[in-house]
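Close look at the chain arrangement
If you want the building blocks of each chain, they are given just below.
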Amino acid sequence: MNRSFHKSQTLRFYDCGAVEVKSKFGAEFRRFSLDRHRPGEFKDFYQLVVHAHHLTGADVTIGYADVHGDLLPINNDDNFCKAVSSACPLLRVFVQKREEADGCSFGAGALSRKRRMLVGLREEGLRRRALPAIGLPRDFRPVSSIIDVDILPETHRRVRLYRHGCEKPLGFYIRDGTSMRVTAQGLEKVPGIFISRMVPGGLAESTGLLAVNDEVLEVNGIEVAGKTLDQATDMMIANSHNLIITVKPANQRNNVVRGSRTSGSSGQSTDSTASPQSLPPAQNFHPDELESDEEADIVIEGALTPPPPPIGSLLRLNSHGSIHRRLLSSLQADPRHSLALSPGGIEEHGPAVTL
Amino acid sequence: MTVTAAAWTELCGLSEQTVEHGFPHQPSALGYSASLRMLAIGTRSGAIKLYGAPGVEFMGLHRENNAVVQVHFLPDQCRLVTLLDDNSLHLWSLKVKGGVSELQEEESFTLRGPPGSAPSATQITVILPHSCRELLYLGTESGSVFVVQLPAFRMLEDRTLSSDAVLQRLPEEARHRRVFEMVEALQEHPRDPNQILIGYSRGLVVVWDLRTGGVVHHFLSSQQLEGVCWQRDGQLMVSCHSDGSYCQWPVAGDTQQLEPLPSCVPYGPFPCKAITKIFWLTTRKGLPFTIFQGGMPRASYGDRHCISVVHGSQQTAFDFTSRVIDFMVLAEADSAAASDDPYALLVLAEEELVVIDLTAAGWPPVQPPYLASLHCSAITCSHHVSNIPLKLWERVIAAGSKQSTHFSSMEWPIDGGTSLAPDPPQRDLLLTGHEDGTVRFWDASGVCLRLLYKLSTVRVFLTDSDPSDSLHAQGEEEWPPLRKVGSFDPYSDDPRLGIQKIFLCKYSGYLAVAGTAGQVLVLELNDEEAEHAVVQVEADLLQDQEGYRWKGHERLCARPGPVRFEPGFQPFVLVQCQPPAVVTSLALHSEWRLVAFGTSHGFGLFDHQQRRQVFVKCTLHPSDQLALEGPLSRVKSLKKSLRQSFRRMRRSRVSSRKRRPMGHPGEVPEASAKVERAGLQSVELAPVQRKIEARSAEDSFTGFVRTLYFADTYLRDSSRHCPSLWAGTNGGTVYAFSLRVPPAERRMDEPVRAEQAKEIQLMHRAPVVGILVLDGHSVPLPEPLEVAHDLSKSPDMQGSHQLLVISEEQFKVFTLPKVSAKLKLKLTALEGSRVRRASVAHFSSCRTEDYGEHHLTVLTNLGDVQVVSLPLLKPQVRFSCIRREDVSGIASCVFTKYGQGFYLISPSEFERFSLSTKWLVEPRCLVQSVETKGHRRPHNGAGPEKAEVRPRNSESRSAVEERTRGPTMQHALLNDERVLKEVQSTLEGDRGSCGDWRSQRVVGYSLSNGGAE
């Protein structure tokens, strides 16, 4: 995708070797230029930006607006290079102090406002080489999404929580309760399972898509009707690496309104139209994709090989790179492990073949 | 390997009929039929269980969840009447259907008085089944005696005997209204069925003539009446009283008012407790037996549960460790015989059944072939071993027989009915570990769970109490002459002795046993008594890491120097884990002579040939403080356990009440969950919340070693296989060590080496409960020595092996030697249930001979049993088996290698279920009453006392021949072709003999069925 834009830009700016940079910090702008083909190293660029804004000594994060207008980070050679080469024609750079960025970073704060920009980020972020000075990878991770909007009744919401590599707790509680259903016998009270509490700062709360008193209808495509609270708990924990819960929000006012059927979506309509027993299956994610996203077990061959070369170069990076680093760092922090295992012998196998 | 869905029904299905082993929980009533030679036990939960000869047993359940208060067999019939504590009467009968008897409830009845009368007027206190077979006399609290006609419980109102009517017929001087109150005793005259004896609690006893409607005799004692007993000839009546005395009343002549012989207070002169029941039994030799319950001196022995037997100068007070529910004396059943000649005393105590031989000197107990008191010390774990080689079986029995020398040689006297069940196809052992440090070996091959041998590990350790003390506690001249009987002893000297894991190798006779305080014992079977020192080794699972403090219990102190061990399994190695935490997993490889053990801190491998530790591995996460500190602090745990026990009590009350109204067993969990949920809301309690959080490496007890497994497989590369040890932890980690075991000729010279080869971290981090390696044909690797004994095909070492890891949430197959995931079944994600137990079972087809497949049997936390196919991990069938609320039942479940399972339904009872269609253990038996049998066996009324038992023995020998034909026919019914041919040939040879095999009354039982020799 980026490559194609790059092409079109090189056509347009055929003979232009320099890229104009417009760097913004707060309300201040600085302008300078870079060589499109030899942009140099990120380290130098960082120094240049800090110097230009007179921010020497402060820790800053640097982002840029790509061709779609999305805010993407510049924090290593790769994405710096990409940013320069894909500039069209102007490279707009945004500088923030790290302390401020933490408050409303790419992740939590910016996310709710500009959710769409983050989807593309994840892969980008993971393709970075593992260098010690990696800035906030968690800022560039999708934490949740609403899926299957087109097939679910408008009163329901299917939320996917991405937890892999995230240090945040899922952070919610469920309870037993009753809900009203329209059945052949009329309105009937049936037992249901509800969200009872949100942990402040937890993943569930930060998504803004789940709330206390939302009724849980499904866990990863399996209905919870007829299941006990303990069963539902076990199912959620078993799926905690990639949890998809279908809820009937207690607050029905923020439902997604679909194009042609706007009429029936307002107000707190009870479930008269769509029986929760026959929710359409989760479609927009393929099972294989699901599997590959979770639980690739880590196998450590206990080969007592000679001391390994630097870790980074040994790691075969794929979409689970960050998991590795986490494991690795935990291993290194653990004196017991470092006795028994050499950290270099880590290898990771590809996604599991599914049944 | 793949089979169609139809073929699955050939392989497995949960049988409707289950077998219960052990002693009924909370027994509340005892009945005995001298004519059927069967006993009946009623329980507080409304169950009724009948037992005859070993293998003959029936069970019934009242629809009401009320305690059974009384059980009475109807004279000479296959029927019995039960009285529940809601005052309802129930008639049960044994009906023959398709060649086997079934216990069925026929009728029920509640006695109602005239409108407006007090409920106590019809509260039944005693029941007399009259010898005319169709009348029941019911004594009540009001003093009236009602008469009902069976089988329809038709009340004969005109024959009701009110106390007023009796009062009218009494002579003037005896007419005090005060002497009546409730009916305490109702007995038929032993010689004249038209006379019945009615005893009232205030002390009046009358003999009533049913024809004339008058008082024949009356006796008035000054003490509160507890019970009465006729002498066999009706010449004497004995009454027992609340002050601990009994009186003899001669019943002779025409005099109505009778004076007693001097009353006797057996344990006087100080105040005594009541004698609640008494038997007065005559013998041919002259001196009668007096057997009574209670009567002990109130102050010093008032808390004892005693039954005293007095015969001439001999007197023994049998002292039971639990409350006596009721007792019976087994005596001459033929009413025409001149004397009772009692031969056995049958006592039902709250926790065990004890039978005492009254014919042998010293009155020794008889070893019961069933109703074993499994919980004589609380069961802490169990282990099942299928298909025991004959050699080991005989050695275990031989070791056990040397332990049971204190038992009487009398054959089991309760031998009614005929067991028609085929002989068990193989010999199975169930090993139970107990809180007191013993391991009991049970014959679990058939319907009767019989104790074969008891191993005690206590001798290895120094404990506070010396076992020899208890023997000298009772001096010769003690009064009262107490004697402890029975095996129920719930008090453990030291909870650290408790057995937690057992592993028996059936081929080599090696046994590994591990306990609560981190002790791991390796034992070897020795037929001789031996004295030797036990090698002691310490395994430091923390590997000298600093900063850890164990706050749990101390290790047990081992006894220094040589220790004398009785024949049987004798320990030779003691590995002591440090810290001394509970041993949570154990594996033994008898071929490599290695034993592996794990606790919450790590695991280790020990070479018991060289008596050397091979390695230890710490699995503890450094931040896991909880695991370090050991069991919760005393205060906390006490509080917690109290709370839990209350909760359990409440729960059990609720769930057991709900058990019956629901027709379908499968519906119960759903329904009860709904009811519970609805109940919760109605009370408006703060709802229960569950936290949704992924497991993390920082969770507590992740290092807890859950499973250990030895396998000879391709761990390192695909060209060479080698011995390996696998360990799985609570945190979802699997460790694999490659082992180098020196060849046999250099086994003692070179050390066993181990090297960590792999570590797998399951991303879902659920506890690993099972590890298994499948060979090139996807068949689980055989047990050690199985191939050497030609009992298994050698595993396929050509194709690539696969590793199956079973966690609480998933089943996952990996390739070997390069570990990559191949298949998985996400059980928890699919249905919300977690794996509690999983093991491989061999399912044989019930249609095709010699066809069978290996699959996984799985028990979930919801009490469901599932069969998961190998190697494709497809869930095939699912049955709801244990109630999901029954946590201890689910925790106690063990699977056998042939698709059966055992779990505790109460502390004292195992329920056995079968998933295999081929191997089914169920009681199939036939009981027939006197009239259908034609004639009763001639009971030898003449001859010396000893002859009481002998005739039965000699008869049983001849009966064995008759008997073998019974099971043969049964085999035929089971479509066993080979046996069918055998039967055909017998029929052709001897046409007449087979026809009446069923009508033959069989006494005794064959040895294969568990004779008490």
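Residues numbered from 1 in each chain as written. Chains lettered and ligands numbered in written order. Predicted model: local features only at pLDDT ≥ 70, side-chain atom pairs only at ≥ 80, totals over all residues. Heavy atoms only, no water.

For chain B, an unreviewed UniProt entry supplies the name LLGL scribble cell polarity complex component 2 isoform X3 and the organism Echinops telfairi.

As recorded in an unreviewed UniProt entry, chain A goes by Partitioning defective 6 homolog gamma and comes from Echinops telfairi.

What follows covers the overall build of chain A. Secondary structure assignment for chain A yields 13 helices and 14 strands. Residue burial in chain A is summarised as follows: out of 355 residues, 48% are buried. In chain A, the proportion of contacts linking residues at least 24 apart, taken out of those at least 6 apart, comes to 63%. Summed over all atoms, the accessible surface of chain A reaches about 17500 Å², with 54% contributed by carbon and sulfur. (Helix = DSSP H or I, 4+ residues; strand = E, 2+ residues; numbered from the N terminus. Buried < 20%, exposed > 50% of the residue type's maximum accessible area, 1.4 Å probe, protein only. Contact = heavy atoms within 4.5 Å. Areas by Shrake-Rupley, 256 points an atom, 1.4 Å probe, with all protein chains shown as cover.)

Residues and elements named next belong to chain B. Read across the sheet, five strands follow the order β21-β22-β23-β24-β34 without closing on themselves; strand pairing throughout is mixed. Edge positions in the sheet fall to β21 (275-281) and β34 (482-485), since each of these pairs with one other strand and no more. This sheet shows a mean twist of 20° between the axes of neighbouring strands, independent of strand direction. Note: strand β23 (residues 305-311) against strand β24 (residues 314-320), seven bridges, orientation antiparallel. When the sheet's bridge partners are listed, Cys 306 is paired in β24 with Asp 319. (Pairing = 2+ DSSP bridges. Axes fitted to C-alpha atoms, helices over the stretch in contact; angles between N-to-C directions.)

Bringing the side chain of His 801 of chain B into the picture now. Residue and element names in this part refer to chain B. Mapped onto the elements of the fold, His 801 is located in the loop between β51 (768-774) and β52 (802-807). Side chain to side chain, His 801 and Thr 713 meet in a polar contact 2.7 Å long. Those residues within four positions of His 801 in sequence are excluded, and the remaining contacts are Asp 712, Thr 713, Tyr 714, Val 773, Leu 774, Asp 775, Gly 776, Leu 781, Asp 796, Thr 815 and Leu 816. (Polar contact = N/O pair within 3.5 Å; in protein donor to acceptor, adjacent residues only side chain to side chain.)

Right, let's get into the packing of aromatic side chains. Residue and element names in this part refer to chain B. Overall, the coordinates contain 24 aromatic pairs over all chains when judged by the stated rule. Between Phe 279 and Phe 327 the ring centres are 5.4 Å apart and the planes differ by 70°, which places this aromatic pair in the edge-to-face class. Remark: Phe 327 occurs in strand β25 (residues 324-330) and Phe 279 occurs in strand β21; sequence separation between them is 48 residues. Assigned by exposure class, Phe 279 and Phe 327 land together as buried. Taken together, a centroid distance of 5.9 Å and an interplanar angle of 50° make the contact between Tyr 903 and Phe 913 tilted. Of the two residues, Tyr 903 sits in strand β60 (residues 900-906) while Phe 913 sits in strand β61 (residues 909-914), which places them 10 residues apart along the sequence. In this structure Tyr 903 comes out as buried when scored by relative accessible area, which is 6%. Look at Phe 913 and you get buried, because its relative accessible area is 3%. Ring pairs connect the aromatic residues Phe 603, Phe 615, Tyr 735 and Phe 737, which therefore count as one cluster. (Phe/Tyr/Trp six-rings, centres within 6.5 Å; stacked < 30°, edge-to-face > 60°.)

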